[in-house]
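If you want the building blocks of each chain, they are given just below.
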Amino acid sequence: QAGTRILEYFLDTNIEGYETFDDAMTDAVLDASLPGRAVTQIRFDAIMEGEKDNETLKWAFVCAESRKWNHVYFGYAKKWSKMPWIAFEEYLDEDECKELFGAKSKELEYSESDEDEDEETSDTGKKSPRATALIYQIWDKSDKKVKWISPQYDGYLKQQDDTLDITGFYPIPKPLTLHRKSNDLTPTALYTLYENQAVELNRITTRLNYVIEAIKVRGVYDSSLGDELEKVMDGDDNELAPTDKGASLLEGGFDKAIWFMPIEKLVNVAQALIGAREQAKSVIYEITGLSDVIRGQSKASETLGAQKIKESWGTMRLKNQQKDVQVYVRDCLRIMLDIASQKIPARF
């Protein structure tokens, strides 16, 4: 009961400057679906009061924070339980570095960088310039220490013992990967699974656009008709135009005096390209599982049995991915509760 109430408080509390748990999980699903890997760090922030040797906890908060998938690095391992270390790429300004590293912060170089994910946006809609230094925060499982390094500094900027004491050591659960291979933690982006088909689809669509552009009604006509043809072309529905060239028209008629450019072959090519495009799309649907979702679409006029069958088709390919997301959310909550139960007193 106590654990449930703690998690309910942290999940429902919306504090300015902190990402909500719902937003963090939404970002995780998007990262896992597109680039192929999602990382969510569980943070513990606290405000202490009193003297240094006699401090008491004034305020504490445990929250989930989304990490950019390409700003987190991992040691080599085939199993998450064997992961030797992880590193977070961060961009800290001079004040933040001074607070963390003391006098060593003066040896770092600070410059504006587009990679800084914490830059604030001004009223003009542009990012405010913020000079930062590139820092890597490393969680080393071999000696249970947290270490900070920078490409601009030779050696460790700082080392400290793990203060969170999380089961499993790392402040993140196993990264969420919805398209993975057996015994391999390397992320696989969904697009790589159907890249060849996507390239083929793009090539077919380009050709189809050119063919459709070429399908136009064009031709030539006998100049002896003069303005007669223009009168006919400009006429409204059921409108008849008088002519003084009836004799010549009786001999051959318009069909003998007008020659249209043949487009039948172009129409056949366009139809073949449309069929090839639908086939390429069908292969992509099969690879991504969209075919089962489409197959699961139902109509209000169908019987309950038919709707149930289609419902099972629509969720069959998604069940494993849904389970992965559920496990990921559970592991995030487990780490949050692990931290809260150790760091927050019962009477706080």
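Not measured: the values here are computed from a predicted model. (Residues numbered from 1 in each chain as written. Predicted model: local features only at pLDDT ≥ 70, side-chain atom pairs only at ≥ 80, totals over all residues. Heavy atoms only, no water.)

> Just to check I follow, could you spell out the overall build of the chain for this structure?
Looking only at helices and strands, the chain features 12 helices and 10 strands. For the chain, with 348 residues in total, the buried portion stands at 32%. If you take every contact in the chain between residues at least 6 apart in sequence, the share linking residues at least 24 apart comes to 62%. With an accessible surface of roughly 23,200 Å², the chain has 51% of that area assigned to carbon and sulfur atoms. (Helix = DSSP H or I, 4+ residues; strand = E, 2+ residues; numbered from the N terminus. Buried < 20%, exposed > 50% of the residue type's maximum accessible area, 1.4 Å probe, protein only. Contact = heavy atoms within 4.5 Å. Areas by Shrake-Rupley, 256 points an atom, 1.4 Å probe, with all protein chains shown as cover.)

> Explain the pattern of salt bridges here, please?
When the charged atoms of two side chains with opposite charge come close together, those side chains can pair. Within the structure shown, the criterion is met by 12 salt bridges. Linking aspartate 143 and lysine 147 is a salt bridge whose minimum nitrogen-to-oxygen distance equals 3.0 Å. Residues aspartate 161 and lysine 145 are paired through a salt bridge, measuring 2.6 Å at the closest nitrogen-oxygen approach. Note that aspartate 161 is positioned in strand β8 (residues 153-161) and lysine 145 in strand β7 (residues 145-150), a separation of 16 residues in sequence. Looking at aspartate 161, the relative accessible area reads 49%, which means it is partly exposed. On the basis of relative accessible area, lysine 145 is assigned to the partly exposed category, the value being 25%. Via salt bridges that share partners, Arg43, Asp45 and Glu65 belong to a single interconnected network. (Salt bridge = Lys/Arg side-chain N within 4 Å of Asp/Glu carboxyl O.)

> Please explain the packing of helix α5 (residues 195-214) against helix α9 (residues 264-288) as it appears in this structure.
The packing of two helices is summarised by the inter-axis angle and the distance between the axes. At a minimum axis distance of 9 Å, the contact between α5 and α9 shows a crossing angle of 160°. It follows from the interaxial angle that α5 and α9 lie roughly antiparallel. Of the two elements, α5 crosses α9, and the hand of that crossing is left-handed. Only Leu266, Val269, Ala270, Leu273, Ile274, Ala276, Arg277, Ala280, Lys281, Val283, Ile284 and Ile287 of α9 make contact with α5, whose side of the interface consists of Gln197, Ala198, Leu201, Ile204, Thr205, Arg207, Leu208, Val211 and Ala214. Among the residues forming the contact of α5 with α9, the class breakdown is 16 nonpolar, 2 polar and 3 charged. (Axes fitted to C-alpha atoms, helices over the stretch in contact; angles between N-to-C directions. Parallel < 35°, antiparallel > 145°, perpendicular 65-115°, else oblique. Left-handed = near helix turned anticlockwise from the far one by under 90°. Nonpolar A, V, L, I, M, F, W, Y, C, P; charged D, E, K, R; others polar.)

> Before we go on, may I ask you to explain α5 in this structure?
Helical periodicity: at 3.6 residues per turn, an α-helix aligns residues three or four positions apart in one direction. Given a rise of 1.5 Å per residue, 20 residues ought to cover 28 Å, and the 29 Å separating the end C-alpha atoms of α5 matches this to within 8%. Contacts made by the buried residues of α5 are with α4 (190-193) and α9. (Expected span 1.5 Å × (residues − 1).)

> Please explain the side chain of arginine 37 as it appears in this structure.
On the secondary structure map, arginine 37 appears in the loop between α2 (21-33) and β1 (39-49). Taking relative accessible area as the criterion, arginine 37 reaches 13% and is therefore assigned buried. Those residues in contact with arginine 37 that sit more than four places away from it in its chain are Asp31, Ala32, Trp69, Val72, Phe74, Pro175, Leu176, Thr177, Leu185 and Pro187.

> Would you take a moment to explain unusual backbone geometry for this structure?
In most cases, non-glycine residues show a negative phi, while peptide bonds are predominantly trans. Despite not being glycine, lysine 144 has its phi angle at roughly 55°, a positive value. Structurally, lysine 144 is set in the loop between β6 (131-140) and β7. At phenylalanine 169, a position not held by glycine, the phi torsion is positive, near 75°. By the secondary structure assignment, phenylalanine 169 is in the loop between β8 and α4.

> Explain α9 here, please?
For α9, which comprises 25 residues, the first-to-last C-alpha distance of 37 Å matches the rise-based estimate of 36 Å (1.5 Å per residue) to within 8%. Inspection of α9 places Ala270, Leu273, Ala280 and Ile284 among the buried residues, and these make up the whole buried set. Of the surrounding elements, those touching the buried residues of α9 are α5.

> What should I look at first to understand the environment of tyrosine 191 in this one?
One can find tyrosine 191 in helix α4. Taking the relative accessible area as the measure of exposure, tyrosine 191 reaches 40% and is therefore partly exposed. Counting along the chain gives 156 residues from tyrosine 191 to proline 35, while the straight-line C-alpha distance between them is 8.3 Å.

> Sorry if this is basic, but what is going on with the packing of α2 against helix α12 (residues 319-343) here?
Where α2 contacts α12, the two axes come as close as 11 Å, and the packing angle between them is 140°. Relative to α12, α2 is oriented oblique. For the pair α2 and α12, the crossing hand works out as right-handed. Within the contact between the two elements, α2 uses Phe21, Met25, Ala28 and Val29 and α12 uses Val325, Tyr328, Val329, Cys332, Leu333 and Met336. Its residues placed into classes, the contact of α2 with α12 shows 10 nonpolar, no polar and no charged.

> Any chance you could explain the side chain of aspartate 162 here in plain terms?
Its location among the elements puts aspartate 162 in the loop between β8 and α4. For the buried aspartate 162, no salt bridge exists, and the shortest N-O distance to an oppositely charged side chain is 6.5 Å, to lysine 144. Among the polar contacts listed, one links the side chain of aspartate 162 to the backbone nitrogen of leucine 164, at a separation of 3.0 Å. One polar contact links the side chain of aspartate 162 to the main-chain amide nitrogen of aspartate 165, over a distance of 3.2 Å. Leave out the neighbours within four places in its chain, and aspartate 162 touches Trp139, Lys144, Lys145 and Phe169. (Lys, Arg positive; Asp, Glu negative; His and termini not counted. Polar contact = N/O pair within 3.5 Å; in protein donor to acceptor, adjacent residues only side chain to side chain.)

> Can you help me understand the packing of aromatic side chains in this one?
In this description, a pair of aromatic rings is defined by centroid distance and the angle of the planes. According to the stated counting rule, one finds 12 aromatic pairs in the structure shown. Between the aromatic rings of tryptophan 59 and phenylalanine 61, the centroid separation amounts to 6.1 Å while the plane-to-plane angle is 20°, which identifies the pairing as stacked. Owing to a relative accessible area of 3%, phenylalanine 61 belongs among the buried residues under this scheme. Ring geometry for tyrosine 73 against tyrosine 136: centres 6.0 Å apart, planes inclined by 65°, an arrangement best described as edge-to-face. With tyrosine 73 in strand β3 (residues 72-74) and tyrosine 136 in strand β6, this pair connects stretches of sequence that are 63 residues apart. Owing to a relative accessible area of 34%, tyrosine 73 belongs among the partly exposed residues under this scheme. Residue class for tyrosine 136 comes out buried when judged on its relative accessible area of 19%. By way of ring pairs, the aromatic residues Tyr9, Phe10, Tyr18, Trp59 and Phe61 are connected into one cluster. Residue placement shows lysine 158 over the ring face of tryptophan 148; its charged tip is 5.4 Å from the ring centre. (Phe/Tyr/Trp six-rings, centres within 6.5 Å; stacked < 30°, edge-to-face > 60°. Lys NZ or Arg CZ within 6 Å of the ring centre and 35° of its normal.)

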